[in-house]
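Residue-level structure breakdown
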Amino acid sequence: MSEKSKKRFIAGAVCPRCSQMDKLVMYKQEGKTFRECVSCDFKDEMRFTNARQELQTRVNTPEDVKKDQTQVLTLEPGNFSKK
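Residues numbered from 1 in each chain as written. Predicted model: local features only at pLDDT ≥ 70, side-chain atom pairs only at ≥ 80, totals over all residues. Heavy atoms only, no water.

1. Focus: the sheet that holds strand S4 (residues 43-46)
One key point about sheets: their strands pair by backbone hydrogen bonds, in either a parallel or an antiparallel sense. Formally: Strand pairing is defined by DSSP finding a minimum of two bridges between the two strands. Going along the chain from the N terminus, every DSSP run of H or I of four or more residues is numbered as a helix, and every run of E of two or more is numbered as a strand.
Across the sheet, which stays open at both edges, the four strands sit in the order S1-S2-S3-S4 with antiparallel pairing between neighbours. Pairing within the sheet leaves two strands with one partner each, and these edge strands are strand S1 (8-9) and S4. Where strand S3 (residues 32-37) and S4 come together, four bridges link them in antiparallel fashion. Note that in S4 the partner of phenylalanine 34 across the bridge is glutamate 45.

Structure below.
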């Protein structure tokens, strides 16, 4: 049984063969994703690669790691001398 899906236009996409803008449609067929130009006979299977892991920075570090790396200083009252 073949899988039917709607063809959807890809906004702003340019056809690699005829260089026409806004003529590419995307659709799924048998578990694969294809793109096709409606003005010429170009057809291509779209292959998506897995995203690479993001580098750890202070902005995207999990909270439990931040707590482990936080230094807490305790100051005793009365140990300060006035000048």
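That covers the picture; the talk isn't over yet.
2. Focus: the nonpolar core
Nonpolar side chains in soluble globular proteins generally cluster together in the buried interior. Note the cut-off: Within this scheme, the nonpolar core is defined by two criteria: the residues are buried Ala, Val, Leu, Ile, Met, Phe, Trp, Tyr or Cys, and they are joined through side-chain atoms within 4.5 Å. A 1.4 Å probe rolled over the protein chains alone gives each residue an accessible area, and that area as a share of the maximum for its type sets the label: buried under 20%, exposed over 50%, partly exposed in between. Throughout, a residue-residue contact means that at least one pair of heavy atoms, one from each residue, lies within 4.5 Å.
The biggest cluster of nonpolar side chains holds five residues, and these are Ala13, Cys15, Leu24, Cys37 and Phe42. With residues up to four places along the chain from it excluded, the contact list for phenylalanine 42 reads Cys15, Pro16, Arg17, Leu24, Arg35, Glu36 and Cys37.

3. Structural notes on the side chain of threonine 33
Looking at the secondary structure, you find threonine 33 in strand S3. With sequence-adjacent residues up to four places away left out, threonine 33 is seen in contact with Met26, Tyr27, Lys28, Asp44, Glu45, Met46 and Phe48.

4. Points about the packing of aromatic side chains
Ring pairs (aromatic) are described by centroid distance and by the angle formed between their planes. Operational definition: Stacked, edge-to-face and tilted labels apply to pairs of Phe, Tyr and Trp rings (six-membered ring for Trp) whose centres lie within 6.5 Å, assigned for plane angles under 30 degrees, over 60, and everything in between, in that order. Each ring is checked for a lysine NZ or an arginine CZ that lies within 6 Å of its centre and within 35 degrees of its normal; such an atom marks a charge sitting over the ring.
On inspection of all chains with the given rule, the structure shows one aromatic pair. Above the face of the tyrosine 27 ring, lysine 7 is positioned so that its terminal group lies 4.8 Å from the ring centre. Here the guanidinium or amino end of lysine 43 rests over the ring plane of phenylalanine 34, the centre of that ring lying 5.1 Å away.

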